[in-house]
Amino acid sequence: MSPAVANWHDRDVSDRSRALPRRSCLSTPGANERFLAKAPTVVADMTFLDLEDSVAPSEKVAARAKVVDAVRNLSWDDRVLCVRVNAWDTQWTYGDVIDVVGKAGERLDEVMLPKVQSAAEVVALDLLLTQVERNSGLPEGHIGIEAQIETARGLINVDEICAASPRLETIIFGPADFAASVEMPVLTGGVAIPEYPGDHFHYVFSRILMAGRANGLQVIDGPYLYVRDLDGLRDFAQRTRVLGYDGKWALTPDQAKVLNEVYSPTQEQFDRAWDILEAYRTATEEQQTGAVMFGDEMIDEASRKIALKFVTRGERAGLTRSS
Ligand code: GLV
Ligand code: MG
């Protein structure tokens, strides 16, 4: 067992993954042993082993044992570890959960549920997880849920979906399935559409962000399918980064590297955030004033809140304050 995993056992397991960073969320096809073996060596904040759309129907059932073996026996570090099961409109969901969560052991942090259309689908997964946890000796509430919004109906119901279970840790946008659901005339989902005067997903990104934040969830953007175009990825990821998203899916190690940079504050932002916190504390505690000048800028309690978010994210990304 690596020191990182030993350390993980000492913590309160049910809350382990909730506040961990998810700047890069690496997708790994669950039927492919070569990709599975490589996944722990790829630097990413979160890894999910996929039983859904990257696995052929003929391989769905056999992939479960491969995924269990990967969770139990590969040498994972401290990252968030997740399995994506098949959606409730298939015949595989309950078997995925019983077989994989029931056998994977405590290192599995979360289950990702794709194509969520209603709060009831999240509740159904929550109830099933509770039974599987009891039967397999896992602490109750150990497994978190990540929910994907990738249909028109899912987006319409996103408020209720985000409030449906205390197990929910993230809400994720799935651009490829979403483009199909709303019949966008594109053949590649999740990339820029130059013909559109603006960002064709702006409403969707904002809608999901509000629902997620109102319920204390991390909010994650989905895949960018031109895997060789790292500049395009960096550019496209900036859209959700500036809105406030926590991270984005990575399909390759190179994509993960770019995303870890894009979704981290810069050192300059991190240091400035610390300076704002200090200036504000001095103003409120020593000078008994609620607003104070910080360089050319007036800062107050709202500035403190903004700065605190930068510090939290920076610390999650491993930054330390410059001396
Ligand atoms: C991801 O699952 C997507 O459909 O974009
Ligand atoms: Mg999808």
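The next thing to look at is helix α10 (residues 230-243). For α10, spanning 14 residues, the distance from its first C-alpha to its last is 20 Å, which sits close to the expected 20 Å at 1.5 Å a residue. Of all the bends found along α10, the most pronounced is centred on A237 and spans about 25 degrees. If you check which residues of α10 are buried, you get G232, L233, F236, A237, T240 and R241. Residues of α10 that are buried sit in contact with α9 (202-214), β7 (218-221), β8 (247-250), α11 (253-262), α12 (267-286) and α13 (301-316). Taken from the residues just after α10, G244 is the one with a positive phi, measuring 125 degrees.

Taken N-terminus to C-terminus, the directions of helix α4 (residues 93-104) and helix α5 (residues 119-136) make an angle of 35 degrees; their axes are 10 Å apart at the nearest point. Here α4 runs over α5; the crossing is right-handed. Taking contact as the criterion, the partners of Y94, V97, I98, V101 and G102 in α4 are, on α5, L125, L128, L129, V132 and S136. Residue composition of the contact of α4 with α5, by class: 8 nonpolar, 2 polar and no charged.

Attention now goes to the coordination of the magnesium ion (ligand 2). Geometrically, a metal with four donors at the corners of a regular tetrahedron has ideal angles of 109.5 degrees, and one with six donors at the corners of a regular octahedron has ideal angles of 90 or 180 degrees. At 2.1 to 2.2 Å from the magnesium ion (ligand 2) lie its protein donor atoms, namely E150 (OE) and D177 (OD). Highlighted residues: E150 in the loop between β5 (144-149) and α6 (152-156) and D177 in helix α8 (residues 175-181), separated in sequence by 27 residues.

Every residue near ligand 1 is listed here: R84, Q148, E150, G174, P175, A176, D177, P223 and W249. R84 is positioned with one of its side-chain polar atoms (N or O) 3.2 Å from an oxygen atom of ligand 1. Relative to its unbound accessible area of 190 Å², ligand 1 is 93% covered by the protein chains. Residue composition of the shell around ligand 1, by class: 4 nonpolar, 2 polar and 3 charged.

Those residues of α11 that fall on the buried side of the exposure criterion are Q255, A256, V258, L259, N260 and V262. Close packing links the buried residues of α11 with β1 (24-29), α10 and β8.

Orientation of α12 relative to α13, taken along the N-to-C sense of each, is 140 degrees, at an axis distance of 8 Å. One element, α12, and the other, α13, form an angle in the oblique class. Viewed along their axes, α12 and α13 form a crossing whose handedness is left-handed. Contacts between α12 and α13 involve Q269, F270, A273, W274, I276, L277 and Y280 on the former and, on the latter, E301, S303, R304, A307, L308, F310, V311, G314 and E315.

This part takes up the pairing of strand β3 (residues 80-84). Put simply, side chains in a regular strand alternate between the two faces of the sheet. Of all 5 residues in β3, 5 are buried; the element is thus mostly enclosed. Of the two faces of β3, the one holding V80, C82 and R84 and the one holding L81 and V83 are both buried throughout. With 3 bridges joining them, β3 and strand β4 (residues 110-113) adopt parallel strand pairing. Looking at the pairing, C82 lines up with E110 of β4.

About the thresholds
- Residues numbered from 1 in each chain as written.
- Chains lettered and ligands numbered in written order.
- Predicted model: local features only at pLDDT ≥ 70, side-chain atom pairs only at ≥ 80, totals over all residues.
- Heavy atoms only, no water.
- Helix = DSSP H or I, 4+ residues; strand = E, 2+ residues; numbered from the N terminus.
- Expected span 1.5 Å × (residues − 1).
- Bend = angle between axes of the 7 residues up to and from the residue.
- Buried < 20%, exposed > 50% of the residue type's maximum accessible area, 1.4 Å probe, protein only.
- Contact = heavy atoms within 4.5 Å.
- Axes fitted to C-alpha atoms, helices over the stretch in contact; angles between N-to-C directions.
- Left-handed = near helix turned anticlockwise from the far one by under 90°.
- Nonpolar A, V, L, I, M, F, W, Y, C, P; charged D, E, K, R; others polar.
- Donors = N, O, S within 2.8 Å, 3.2 Å for Na, K, Ca; no water.
- Near = heavy atom within 4 Å.
- Polar contact = N/O pair within 3.5 Å; in protein donor to acceptor, adjacent residues only side chain to side chain.
- Areas by Shrake-Rupley, 256 points an atom, 1.4 Å probe, with all protein chains shown as cover.
- Parallel < 35°, antiparallel > 145°, perpendicular 65-115°, else oblique.
- Pairing = 2+ DSSP bridges.

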